[in-house]
Structure formats: structure tokens, C-alpha cells
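Analysis of the macromolecular model
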Amino acid sequence: MAPIAVGDSLPDGTLAYFDEQDQLQNVFNYIIIIIIIVIQSRSLTLFTSLYVKIGVVICSTKHVPGFVEKAEELKSKGVSEILCLSVNDPFVMKAWAKTFPENKQVKFLADGSGTYTHALGLELDLSEKGLGTRSRRFSLLVEDLKVKAANVESGGDFTISSADDILKAL
């Protein structure tokens, strides 16, 4: 399957996250939630970082912190939601989110089985390293359900999917 690209529509899917009251939310037909957000605002940023207990340094020290640090600037340019997606369970995502106590804007979404990541065409098979199927590192700028910018990294690179790259696309 080809990766999602500029001009493509976001696929329907199911994701999970912990809300502000620390309650697990399963979001079915996530595209409906996005429609509501987009109608009320203009755009959203979806990015993914690989987070596993054995650690991928770039995700926790550069990728996610960049979006946390630039959240207000992204919001001031019309981004209504900043979503961090990972092929992990919601409990891991909750724990990861807590490592960024200054975060007030980035929502950490779990794609436990990788189904949504597969629908995006962005899965990464790391079975040979004992990690199973994960997600490629990427950032998407989405407006009215259409991808306006698709920054998909190769391998473990971190060269085109930062918060600054999304800001340039705005």
C-alpha cells in the first residue's frame, strides 16, 4: 500500500487515549471527531513517533518535544489539534505523555494493533528486531480531512517531520 500523500483524505479508524480526567476513551470512527474539529477550526497536525520501552532517543528527545514546545505557535497559525499517534497500547501512551509534564496541547493517541497506521500506509515492519509492526516516523498537516503536507521519514531518519517542518507548511 502506498503511503498517504498530499491530497489524500484521512482514512476512518479507531484509536484510544486517556482524557483530561484520566479516563480511557476509545474513539470509534475517528474521522467523525476530526470533521467536528475541522469544521470548528481549520486544521490539525498528526505526527507519529516510535516509542518502545527499550527507547528510541529521537522520539522522546526531539520529535515529540518539538511539537510540545511549538504547540502555541502551531495553534496561533490555525492548527486546532496536535495528535501524536503511536502503535502502542493506551497505557504506554499515557505513561509516555506523562514524561512531558509541560504539555498542554498534544494529545497522545494509541493505535494498539496498528490498524490505523496500516490504513495510512505508514507501517514499518521491525519484526527482525523483535518489535513487530510499528509506524514510520511522519508528520501530516490535515485540513478539511485532506492532507496538505505529508512528511514521511525513511528508516530511522528525523529530517523532514519536525514541528518546524509543519510550521513551514502553514
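Cut-off values and rules
Residues numbered from 1 in each chain as written. Predicted model: local features only at pLDDT ≥ 70, side-chain atom pairs only at ≥ 80, totals over all residues. Heavy atoms only, no water. Phe/Tyr/Trp six-rings, centres within 6.5 Å; stacked < 30°, edge-to-face > 60°. Helix = DSSP H or I, 4+ residues; strand = E, 2+ residues; numbered from the N terminus. Buried < 20%, exposed > 50% of the residue type's maximum accessible area, 1.4 Å probe, protein only. Lys NZ or Arg CZ within 6 Å of the ring centre and 35° of its normal. Arc of directions from axis to C-beta. Polar contact = N/O pair within 3.5 Å; in protein donor to acceptor, adjacent residues only side chain to side chain. pLDDT = per-residue confidence, 0-100. Contact = heavy atoms within 4.5 Å.

1. Describing the packing of aromatic side chains
Two measures describe an aromatic ring pair: the distance that separates the ring centres and the angle between the ring planes. Per the stated rule, a full pass over the model turns up three aromatic pairs. Geometrically, the ring pair formed by Trp96 and Phe108 is edge-to-face, given 5.6 Å between the ring centres and 70° between the ring planes. Here Trp96 is found in helix H4 (residues 90-97), whereas its partner Phe108 is found in strand E5 (residues 106-110), with 12 residues between them in sequence. Assigned by exposure class, Trp96 and Phe108 land together as buried. Members of the aromatic cluster, joined through ring pairs, are Trp96, Phe100 and Phe108. If you follow Lys94 out to its NZ or CZ, it ends over the ring of Phe18, 4.6 Å from the centre. Here Lys107 stacks its cationic end above the ring of Tyr17, 4.5 Å away from the centre of that ring.

2. Things to note about H4
Along H4, the positions that sit buried rather than exposed are Pro90, Met93 and Trp96. Projected down its long axis, H4 carries its buried residues within an arc of 120°, all on one side. Among the residues of H4, the N-terminal cap falls to Asp89, whose side-chain oxygen and the backbone nitrogen of Phe91 are separated by 2.8 Å.

3. What to know about the confidence of the model for the chain
Residues of the chain with pLDDT of at least 70 account for 81%, and the chain-wide mean is 81. Per-element mean pLDDT across the chain ranges from 42 in helix H1 (residues 30-40) up to 93 in helix H6 (residues 163-169). Below pLDDT 50 for its whole length, residues 29-42 participates in 29 contacts with residues either more than four positions away or in separate chains. Segment residues 50-55 is flagged for pLDDT under 50; beyond a separation of four residues in sequence, or across chains, it makes 13 contacts in the model.

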